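Remarks on the overall topology
These are the residues of each chain, in order.
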Amino acid sequence: MKRIVSCAALALTTAITANSIAADYPSRNITAAVVWGAGGGTDTAVRVVANEMNKFLPTRINVVNKTGGVAGSAGMLYGHSKPADGYTIVGISESNVTAAVNGGWDKKFSVWYPFIIGGSPDLISVTANSPYKTLEDLMAAAKKAPKSIKAAASGAGSIHHLNLLALENGTGAKFSFIPYKGSAPGQNAAITGEVTVVVTSLAEQQQLLKAKKLRPLAMLVKEDTTVEGVGTIPSAFKSVAGLDKYLPIGQAIGMGIRADAPDAAKKVLTEAFKKALETDKVKQWAADNFFTISGQTGDEASATFAGLESLFSWTLHELGAAKVDPATLGIAKP
Amino acid sequence: MAFFTNLGTFFQTIGGMLTDPYTVLLLLGSSFLGIIFGALPGLTATLGVALLTTLTYSMDLQTALIALISMYVGAVYGGSYPSILINIPGTAAAAATALDGYPMAQRGDGGKALGLTTTASFIGTVIGMIALIAFAPLIADAALQFTSYEFFLLAFFGIIISGTLTSDDLVYKGWIAGLLGLALSTIGRDQLQSYPRFTFGIPELEGGIEVVPVLIGAFAIPQIIKSMRDRLVLGKAQPIKRILPEFMTIVKNFKHIVRSALIGVGIGAVPGVGEDIAGWVSYGTTKNSHPHPENFGKGEPAGIIASETANNACIGGALIPLVTLGIPGSPPAVMLLGALMLHGLNPGPLVVITQPNFLYQLCAIMALASLAMWINGMFLTKHVIKVLRVPATVFLPIVTVLSVVGSYALGLSIFNLFLMVPVGIIAYLLGEMDYPISPLVIGVILGPMADENLRRALMISEGSLMGFIERPVSILLLLAILLTVCSQIPAWKRMTNQIKAKVFKRKAS
């Protein structure tokens, strides 16, 4: 009897403590470790949103940068080595899903409970003085002489390269893909005419479009987009039938806490996150930077990341650029 | 009229900043921190600006820029201290400074060398700033004509010229050292197809050879071994007699200063190429156009002035494509772009319309940053020269520890030490056989750029080499490389001397 009572008491105290931990969350400051460098796209987005989340939380989120490793693995290993109590957030982007196949770490992306802020949509542009005025012009020329038109889209296996591949698959056109180390050198090459076509995000291209150094042909998302000083860029989905089977492949910049963190912490953070995305400051920042807000959390966000993980991992594998076979990691084929 | 309004903004910004004690403190503090960053082997301007970016998030844009630009200017300048004093460049950008700075320090002119560096860096920064304010759109357009061909040739030119310059009679050895550096740089996954090369299954080699441990290993370790072996006295520390440095030397070398600054601005404006190459190219050009090229490498003040003016003028150059198109011109400018975006400012063609005062504010900040650097420098040179009075038995272990820490601190990786030590020992042995070391390091730094761009150029031309002679900038670079190589061939030297003699004779008669 005594034993049962003490057991019950123990269970009760545990429950109360657990509850009080949960009810108290957050009782101290939260650390957000951005796995990419200070001032980069992920860093900026996470800092802007975290700053607004602070207004809806009793304590603060302090943003730090933990860079290095392979595809941000150093920061993710750091975040994952901390207790699953919701006090450590990682600032991540879609490129982090390749950390496992690149040998940075051995975990699937499902170890995170993600919050997706969003990303900037990709578009296809050409050199300003090239003869191609519309996407149809370009596709007709590319089909007429396959692989004769040179295209830049950051490195092999990058999100922009995946967009270019998807566009090729959706239209049947074939380009000669020239890899560049990052978006900026590829865009420069398109300005000089070294390559004709470039696929990068609107945030990265906007200044060059405004300076008339590049001519935008089509957005690789469902919606048309209007850029001040450039005009309306039509969606490729209108001119190419059936493109929605392959696109959009969007950037997914956001945050994550360990998936095994307490539900209470997930709930508190989700609420603050959703409220932060509704603030004028975040909305204004997104508009200024051509950033599309997603706002996905929980299962929805996990599904997005799982899809990206599968797509990225298997594309890299097919390009021969993956170090680890995605099958051995249990990543399903897209 | 608009010019005067803008000039008003420029001075208004300067005045506003100077009346706020907090700003002045921040200016001098960041500049000082930058010099320390530059002077410590392993810490670079890029790293300094990156670390400071995180700290400036809560500041307003102008205050943040003051801190970041001061840091950048200070760090590019600070690299020259250890170059001159102990022959270990603090940053790759200051490697050319060591060629003449260290001999000067050894013969007791260390104070003079540091003074010249300070003023040359100051003038370089200011000329860079003037170029930024006056010719930004023009230079940006020219710099954007660089394609893969030109990038390859520029990188190759940098390696060849550093091989040529480091020693006159050993030019083949300089090139061999450069090629060794190039070979080292091919280790790791290649940039275009991510195919692992020479990695021997070692995961740490996948990302390629890190520059910082190679830089520290190649320069610091041989210097430490040599100093211990020969019981070398570091240099003679003579008290600096005058605070204002050698105005006569500056005036005498004014031609070189202007040329070096223009080279710095031009190279800075080309995206992705920065202070490292600027110092070498300017040093080479100055040497070739100097009436006494044989003095270079033996403590010629013009040598220091050339590299230090150019690497600081590079800053203004690097900001030109950043401000006009949002394309950073050098690695630290990449960090600066990030910081600007963090503060909600997207530099680009529209910045002139949306933030008309930005360019002038930026230039005002640069002017103040260079002034802060100069003040700090003048204060510091009087004291750092005393380092030479510290007995080598005390000083060298400290340098050793700093070198090890500097290598390790980069990514907190113990593997960097495994890389640094063998590179250092090989560099020492090469040095014993009279191979210069700088070309090896420059090879490692510029190798990836040369490799990636050559292969991409051939990929684009589908294997044809015609691209190299079809483009104007490319032809110029190619000619520069050919001339550099030919000028070292004895037969060619004899021939040019004969021609010169003949022409001279005819003139005389």
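Presented here is a report on the structure given in the accompanying data block. Model, not experiment: these values are computed from the prediction.

Moving on to the sheet that holds strand β2 (residues 61-65) of chain A. Residues and elements named next belong to chain A. Taken together, the six strands give an open sheet; going across it, the order is β2-β1-β3-β12-β4-β13, and neighbouring strands pair in mixed fashion. Either end of the sheet is taken by a strand with one partner, and the two such strands are β2 and β13 (292-293). Of the strand pairs in this sheet, strand β1 (residues 30-34) and strand β3 (residues 88-92) are connected by four bridges, and their pairing is parallel. If you follow A32 over to β3, its bridge partner there is I89. Contacting β3 and β4 (112-119), helix α11 (residues 298-318) runs over the sheet at an angle of about 75 degrees to β4.

What follows is about unusual backbone geometry. Residues and elements named next belong to chain A. Note that the residue after Y25, namely P26, is joined by a cis bond; omega there is -10 degrees. With an omega of 0 degrees, the peptide bond between L247 and P248 qualifies as cis. Looking at the secondary structure, you find P248 in the loop between α8 (236-239) and β12 (253-258). Although it is not a glycine, F290 adopts a positive phi angle of roughly 55 degrees. In this structure, F290 sits in the loop between α10 (280-288) and β13.

Here we come to the packing of helix α4 (residues 61-78) of chain B against helix α15 (residues 331-342) of chain B. Residues and elements named next belong to chain B. Between α4 and α15, the least distance of the axes is 11 Å, while the angle of their chain directions is 170 degrees. Classified by the angle their axes make, α4 and α15 are roughly antiparallel. In this structure, α4 uses L61, L65, L68, I69 and Y72 to contact α15, whose residues at the interface are P332, A333, L336, A339 and L340. Among the residues forming the contact of α4 with α15, the class breakdown is ten nonpolar, no polar and no charged.

The next point concerns the interface of chain A and chain B. With 27 residues of chain A at the contact, the number on the chain B side is 34 residues. Here chain A packs against chain B, burying approximately 2700 Å² in sum over the two surfaces, 57% of which is carbon and sulfur. Summed over the three residues of chain A that lose the most area to chain B, namely A:R47, A:E194 and A:Q207, the buried surface amounts to 20% of that side. The interface formed by chain A and chain B holds zero salt bridges in total. Between the two partners, chain A and chain B, sit three residue pairs in polar contact (both at pLDDT 80 or more). Elements with a minimum of two residues in the side of chain A that touches chain B: α2 (41-53), α6 (183-192) and α7 (202-210) of chain A.

About the cut-offs
Along every chain, residues carry numbers that run from 1 in the direction the sequence is written. Chain letters and ligand numbers both follow the written order, the letters beginning at A and the numbers at 1. Predicted model: local features are reported for residues with pLDDT of at least 70 only, side-chain atom pairs are reported and counted for 80 or more only, and whole-chain, interface and lining totals are derived from all residues. Excluding hydrogens and water, the side-chain values take into account all heavy atoms of the structure. Two strands are said to pair when DSSP picks up at least two bridges between them. Numbering of helices and strands runs from the N terminus; a helix is a DSSP stretch of H or I covering at least four residues, while a strand is a stretch of E covering at least two. Between two residues, a contact is recorded if the distance between any of their heavy atoms is within 4.5 Å. To obtain an axis, a line is fitted to C-alpha atoms, over the contacting stretch when the element is a helix, and the angle between two such axes runs from 0 to 180 degrees between their N-to-C directions. Working rule for angles: under 35 degrees goes down as roughly parallel, over 145 as roughly antiparallel, 65 to 115 as roughly perpendicular, anything else as oblique. Under the grouping applied here, Gly and all other residues not named as nonpolar or charged are polar, the nonpolar ones being Ala, Val, Leu, Ile, Met, Phe, Trp, Tyr, Cys and Pro and the charged ones Asp, Glu, Lys and Arg. Accessible area that two parts lose when put together, evaluated with a 1.4 Å probe and summed over both, is termed the buried area. In what follows, salt bridge is the name for a side-chain nitrogen of Lys or Arg lying within 4 Å of a carboxyl oxygen of Asp or Glu. Any pair of N or O atoms that falls within 3.5 Å is considered a polar contact. Within protein, one atom must be able to donate a hydrogen and the other to accept it, and sequence-neighbouring residues count only if both atoms are side-chain atoms.

These figures capture arrangement, not role.
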